[in-house]
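# What the coordinates show
Residues per chain, in single letters:
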Amino acid sequence: MFNGFKGVLYRELSVFRTRAKKQILASSLSPLLYLIAFGWSFGRGVSVDGLPYITFLIPGLITMSSLNQSYGIAQELNITRFYFHVFDEFLIAPISHTEIVLGEAAYGMFKGLLSTILIFVYALLFGVKLIFNPVFFMAILLHTFLFAALGITIAMIVRDHGTQATVNTFVITPMIFLSGTFFPVDKLPYIFKMIVYALPLTYSTKVIRASLTGGEINPLFVFLIVMFAALFFYTALWAVRRVEA
Amino acid sequence: MKNSAGDKDRTVLSVEGLVKKYGKKKALQGVSFKIAGGDFLGLLGPNGAGKTTTIKILTGLTKLTEGGVYYYGKDFSGHPREAKRFIGMVPQQSNLDRDLTAFQNLYLHTILHGIPKPLRMEKIDEALEFAGLKEYRDRQVKTFSGGMRRRLVIVRALLHEPRILFLDEPTVGLDPQIRRTLWELILKVNQVKGTAILLTTHYIEEAEKLCGRVLIINRGRIIAEGPPDDLKKDIGRYVLEIFLENRIEEHFFPTREEALEGCDHSCKVREVTLEDVFLKLTGRRINV
């Protein structure tokens, strides 16, 4: 039972272990730069939505950084598929597609949670006080799962590395900047607000920020995150099913 | 280690009217054959004939357009997980994880194929021994030579004791000595373990040396089938090559004496190879 899930996870974690130091170091740099540039220097004395800017920023950095890591498995899957052909080993084995998706998603969640812990360390170092609401744990699990599943979907649909990079440039990067990670979305012009409210990151950022800063958690947003997670799980499954080596 | 499933002469795989279309282009146009337990079947043909496509369909990596694939009489598309237990696959390009060790690569396979935990170590040791890679157990695969990688991929495919092993161009790009050691390993798999083998190749001598039966495939169709010797006998055992100004004329004879009779000046008599069979059937050489 669960051989597929265990196998996929074993493979991903074994490969991760060979480059863990490099990866963790690399993923820790950009949030630190954001913290210094926006939180420390520019944001000093500024308050947003009744919070010191740096307190507002930390949850945004958590969603941004964990999204980058969880969704980032798309890049690795690409290499696995097109360059090393290791993905064929999964396809040839007597395991279900669901297990492949769940195994890869679990790995994406693992990477996302690792970067989340890193931001908490920064929060501690920068003296930012956070509150832990149980909703946070649920939200971060859903958030990392849904972006890992999106990463799997994209990685299975694209035909080469180039297309993957294009998706990142035109979808992922704009989403990261506009979905309330660095500033409240309510300040956006109407047309952008419409776009942003169609993106899952907007809701996970709102819920995670509220759960860490003592704000009010909107149950509708939680529901929408669950829906996005279900949607991307389904698309990932569909994409793995149709993939041919 | 004998033929543990006792499937000698039982049909392991039956392929019926395989058709594969890529858009309008037909890569396979009605390929049918059967493989029994312990068989060694070669799929011989030039690049682009449809060899890899056939193997990919039979292992579930590519979907077929028309036709049927049956393992022990059961429809592959209806029971993919059950059938995959019988299948071992050695793809054309090594699909090992270069950053992982030989052991880790094999261990992953034992998990994916549901080999019970208490048996895993024993099986992996046995596989490394069989491949002659025991001392390299904990080395990263990226430090391995091409021949070592190929051997590792082969024993990995055998870990779950498949009843049929697919080898897609197993010796392509290897130097002659390494090719020979690989042939020995492959023959050992077929004869000692009793695993049926389907091997694709465009090396004539490889098919002649290893395969009990050969299918010659060209442009997505099987154009001849039989033991290499029979195929050669069918066109004549000996070739008379007459060297003309701008081409070589070839004539086939059942005996050397008859061939020599037709030879007056610049000409040569030699034994027929599978390549001649191929050439006669298709009008083109394989290694071009």
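If you're wondering where the values come from, they're calculated on a predicted model, not measured in any experiment.

Scoring rules and cut-offs
Residues numbered from 1 in each chain as written. Chains lettered and ligands numbered in written order. Predicted model: local features only at pLDDT ≥ 70, side-chain atom pairs only at ≥ 80, totals over all residues. Helix = DSSP H or I, 4+ residues; strand = E, 2+ residues; numbered from the N terminus. Rg over C-alpha atoms; globule rule 2.2 N^0.38 Å. Buried ≥ 20, exposed ≤ 12 C-beta atoms within 10 Å, placed from the backbone. Contact = placed C-beta atoms within 7 Å. Pairing = 2+ DSSP bridges. Axes fitted to C-alpha atoms, helices over the stretch in contact; angles between N-to-C directions. Core = buried A, V, L, I, M, F, W, Y, C linked by C-beta atoms within 7 Å. Domains from an automatic or database assignment. Nonpolar A, V, L, I, M, F, W, Y, C, P; charged D, E, K, R; others polar. Parallel < 35°, antiparallel > 145°, perpendicular 65-115°, else oblique. Left-handed = near helix turned anticlockwise from the far one by under 90°.

The subject of this paragraph is the overall build of chain A. From N to C terminus, chain A includes 11 helices and two strands. In terms of overall size, chain A behaves like a compact globule, its C-alpha atoms giving a radius of gyration of 18 Å where 245 residues would be expected to give roughly 18 Å. Residues classed as buried in chain A amount to 45% of the 245 residues present. Restricting the contact set of chain A to residue pairs at least 6 apart, pairs at least 24 apart contribute 81%.

Moving on: the overall build of chain B. Across its full length, chain B holds 10 helices and 13 strands. A compact globule built from 288 residues should have a C-alpha radius of gyration of about 19 Å, and chain B, at 21 Å, falls within 12% of that. For the C-alpha atoms alone, the extent of chain B along its principal axes is close to 70 × 45 × 40 Å. Scored against the burial criterion, the 288 residues of chain B give a buried share of 42%. Restricting the contact set of chain B to residue pairs at least 6 apart, pairs at least 24 apart contribute 68%.

Residues and elements named next belong to chain B. The four strands lie next to each other as S2-S1-S4-S5, forming an open sheet whose pairing is antiparallel. The open sheet has two edge strands with one neighbour each: strand S2 (25-36) and strand S5 (74-75). In terms of strand pairing, strand S1 (residues 11-22) meets S2 through nine bridges, oriented antiparallel. Bridging from a neighbouring strand, leucine 13 pairs with isoleucine 35 of S2. Those strands touched by helix H1 (residues 51-58) are S1, S2 and strand S4 (66-71), and its axis lies near 120° from that of S1.

Let us look at the nonpolar core. One recurring pattern in soluble globular proteins: nonpolar side chains tend to sit buried together. Counting 139 residues, the largest nonpolar core has Leu146(A), Ala149(A), Ile152(A), Ile164(B), Phe166(B) and Ile197(B) as its most contacted members. Counting residues per element, this core draws most heavily on helix H7 (residues 134-157) of chain A, which supplies 14 residues. Looking at this core, you find at least three residues from each of domain 1 (11-229) and domain 2 (234-282) of chain B. For Leu146(A), the residues in contact, after removing those within four places along its chain, are Pro200(A), Ile225(A), Phe228(A), Ala229(A) and Phe232(A).

Quick look at the interface of chain B and chain A now. Listed per partner, the contact involves 23 residues of chain B and 21 residues of chain A. Taken together, the elements giving at least two residues each to the side of chain B that touches chain A come down to helix H2 (80-84) and helix H3 (102-112) of chain B. Considering each element in turn, the side of chain B that touches chain A owes the most residues, four residues, to H3(B). Within the side of chain B that touches chain A, the residues separate by chemical class into seven nonpolar, eight polar and eight charged.

Residues and elements named next belong to chain A. Contact pair H7 / helix H11 (residues 219-242): the axes reach a minimum separation of 8 Å and the direction vectors enclose 30°. On the basis of their axis angle, the class for H7 and H11 is roughly parallel. Handedness of the crossing formed by H7 with H11: left-handed. Seen from H7, the contacting residues are Ala139, Leu142, His143, Phe145, Leu146, Ala149, Leu150, Ile152, Thr153, Met156 and Ile157; seen from H11, they are Ile225, Val226, Phe228, Ala229, Phe232, Phe233, Thr235, Ala236, Ala239 and Val240. Residue classes in the contact of H7 with H11 are distributed as 18 nonpolar, three polar and no charged.

Attention shifts here to the domain arrangement of chain B. Residues and elements named next belong to chain B. Here the domain parsing of chain B yields domain 1 (11-229) and domain 2 (234-282). A straight line from the C-alpha centre of domain 1 to that of domain 2 covers 35 Å. Counting residues at the interface gives 10 residues for domain 1 and seven residues for domain 2. Looking at the side of domain 1 that touches domain 2, the elements that each hand over two or more residues are helix H7 (204-210), strand S9 (213-218) and strand S10 (221-226). Grouping the constituent residues of the side of domain 1 that touches domain 2 by class yields eight nonpolar, one polar and one charged.

A few words on the sheet that holds strand S11 (residues 238-243) of chain B. Residues and elements named next belong to chain B. Judged by pairing direction, the sheet is antiparallel, and its three strands sit side by side in the order S12-S11-S13 without closing on themselves. A single partner strand is all that each edge strand has here, and the edge strands are strand S12 (248-253) and strand S13 (267-271). Across this sheet, the average inter-strand angle for adjacent strands is 25°, counted without regard to direction. Relative to S13, S11 runs antiparallel, the two being bridged by five bridges. Within S13, the residue paired with valine 239 across the bridge is arginine 270.

This part takes up unusual backbone geometry. A positive phi is found at Asp49(A), a non-glycine position, where the angle reads about 50°. By the element assignment, Asp49(A) lies in the loop between strand S1 (47-48) and strand S2 (51-52). Its identity is not glycine, yet Tyr72(B) carries a phi of approximately 50°, on the positive side. Overall, the presence of 17 C-beta atoms within 10 Å leaves Tyr72(B) in the partly exposed class.

Residue and element names in this part refer to chain B. With five of six residues buried, S9 is to be regarded as a mostly interior element. Both strand S3 (residues 40-44) and S9 contribute to a ladder of four bridges, which runs parallel. Bridging across to S9, glycine 42 finds its partner in valine 214. With five bridges joining them, S9 and S10 adopt antiparallel strand pairing. By the bridge assignment for S10, isoleucine 217 is matched with isoleucine 222. Between S9 and S10, which pair antiparallel one after the other, the connecting turn spans two residues, and arginine 219 there sits at a positive phi close to 45°.

Let us look at the environment of Trp238(A). Mapping Trp238(A) onto the fold places it in helix H11. Separated by 141 residues in sequence, Trp238(A) and His97(A) place their C-alpha atoms 8.9 Å apart.

Moving on to H1(B). Residues and elements named next belong to chain B. Burial analysis of H1 places seven of its eight residues in the buried class, which makes it a mostly covered element. Along H1, the positions that sit buried rather than exposed are Lys51, Thr53, Thr54, Ile55, Lys56, Ile57 and Leu58. Looking at the residues trailing H1, positive phi occurs at glycine 60, about 85°.

All names here are of chain B. Where helix H4 (residues 117-131) contacts helix H5 (residues 146-158), the axes come no closer than 9 Å and their chain directions differ by 140°. If you check the angle between H4 and H5, you find them oblique. Note on packing geometry: the crossing formed by H4 with H5 is right-handed. Together, Ala127, Phe130 and Ala131 of H4 and Arg151, Leu152, Ile154, Val155, Arg156 and Leu158 of H5 make up the contact between the two elements.

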